[in-house]
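# Summary of structural features
Chain by chain, the residues run as shown.
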Amino acid sequence: MRLAAWSTLTLLAFAAGCTTAAEVDDAWDVVDGKGDGGRALAYGELARTKVGPALARVIEGLAVIDDDVRPDEPKAVRKQLAELRDYVDLFAYAYSTKHGDPWRELRDQLDDGYELIGAFKDLFDRQGVEDPAAARYDEDEVDERRAPVVAWTEAFLDADAREAAEAYLGAPSTTKLYPRDRDDLSPYFWAGAELEPKLSRSGLKNLGRLSRALLELAEDDYDEVLDLRDLHEEDNQEVFHSFRKRIRGQVRAVAYFPELVDPEADVAAQLATLTELVDRYGAVNDLIARYAAAHERDDDDLEDELEDEIRDAWRELRTWQRDADIDDVLDDVHDALRH
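What you see is a predicted model; the values in this text were computed from it and never measured. (Residues numbered from 1 in each chain as written. Predicted model: local features only at pLDDT ≥ 70, side-chain atom pairs only at ≥ 80, totals over all residues. Heavy atoms only, no water.)

## A few points about the overall build of the protein
The helix and strand inventory of the protein stands at 12 helices and zero strands. Along the protein, from the amino end to the carboxyl end, the secondary structure elements read α-α-α-α-α-α-α-α-α-α-α-α. Restricting the contact set of the protein to residue pairs at least 6 apart, pairs at least 24 apart contribute 76%. Of the accessible surface of the protein, which amounts to about 16200 Å², a share of 44% is contributed by carbon and sulfur atoms. (Helix = DSSP H or I, 4+ residues; strand = E, 2+ residues; numbered from the N terminus. Contact = heavy atoms within 4.5 Å. Areas by Shrake-Rupley, 256 points an atom, 1.4 Å probe, with all protein chains shown as cover.)

Structure (structure tokens):
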């Protein structure tokens, strides 16, 4: 079932609340600028400030998708989709499951859109050029990958589906947490950390607890990542991708919620290093995507060339990580997150 089939979602917005009261800690996590001691936002209240506005940005950004869109053009809206999907993941427990699970359907649809737009955008990214005018395409391949992007966008922006999504995502419960099957959750947030939010903690304190746990997992994985070789082979890519996505998720989380970082802890340089780490991993990932495309086309010469590029780029990146003391950087950021 997709959004267009949700005939009851507008009613579910009114079911998202409940009469269960929650104690919210009045502590450091005050987002109104009044300082410590004010009333902190509950988990669902924090969701209300983030998810609806992110959805509005995605709806506006999708205007770029039409029958003539080129592979370099959806970059901005894909980032907006990633942010919305992150919020939907982070605040999953605030959304009602009393009448089915619209959250899961929406989450699946966001994931579909992100992947479809990514596959379309890869037609540009894999060429390794900066200027879109320098890109050269197989127009049949462009048409083939554009069609599902356009179809997905039309379904997502369907008037009834859009109204239902706005109503549901705009009304997280501020007093209740709904149970979630971990198999439905992102492995890079709650499911990966094997944690759940608590009503006894405010929204930011729940997210701080989650971020600390995920950074600990990244630290545990770090040595295994450095031991990886032959990244052009698919069997060796899982740990690489998981580490990259876990770090990327935490860089984004701090960008979304800068209040998580203790103001007395100066970790600006460490966060900049992690941002660079994500970018460097992304560059290697682009080479891997180009290699996979060459393999699919049986372009043996390009495969050999890219295999060497991947090996050299990964060797250079491993050296950079050691020189940058990434394990210490992860530890510093972890310790700077407020409790």
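## Some remarks on the packing of aromatic side chains
The full count for this structure, using the stated rule, is 14 aromatic pairs. Ring geometry for tyrosine 222 against phenylalanine 243: centres 6.2 Å apart, planes inclined by 35°, an arrangement best described as tilted. Remark: phenylalanine 243 occurs in helix α9 (residues 238–256) and tyrosine 222 occurs in helix α8 (residues 203–226); sequence separation between them is 21 residues. When sorted by exposure, tyrosine 222 lands in the same class as phenylalanine 243, which is buried. Put simply, the rings of Tyr43, Tyr87, Phe91, Tyr93, Trp190, Tyr256 and Phe257 touch in pairs and so form one group of aromatic residues. A cation over an aromatic ring shows up here: arginine 85 above the ring of tyrosine 114, its NZ or CZ 4.1 Å from the ring centre. (Phe/Tyr/Trp six-rings, centres within 6.5 Å; stacked < 30°, edge-to-face > 60°. Buried < 20%, exposed > 50% of the residue type's maximum accessible area, 1.4 Å probe, protein only. Lys NZ or Arg CZ within 6 Å of the ring centre and 35° of its normal.)

## A word on the packing of helix α4 (residues 102–125) against helix α6 (residues 159–169)
As a packed pair, α4 and α6 sit with axes 11 Å apart at the nearest point and diverge in direction by 120°. Accordingly, the angle class assigned to the pair α4 and α6 is oblique. The two elements α4 and α6 cross, and the hand of that crossing is left-handed. Note on element contacts: α6 touches α4 through Ala165, Tyr168 and Leu169, opposite Pro102, Trp103 and Leu106. Each residue belonging to the contact of α4 with α6 can be placed in one class, and the counts come to six nonpolar, no polar and no charged. (Axes fitted to C-alpha atoms, helices over the stretch in contact; angles between N-to-C directions. Parallel < 35°, antiparallel > 145°, perpendicular 65-115°, else oblique. Left-handed = near helix turned anticlockwise from the far one by under 90°. Nonpolar A, V, L, I, M, F, W, Y, C, P; charged D, E, K, R; others polar.)

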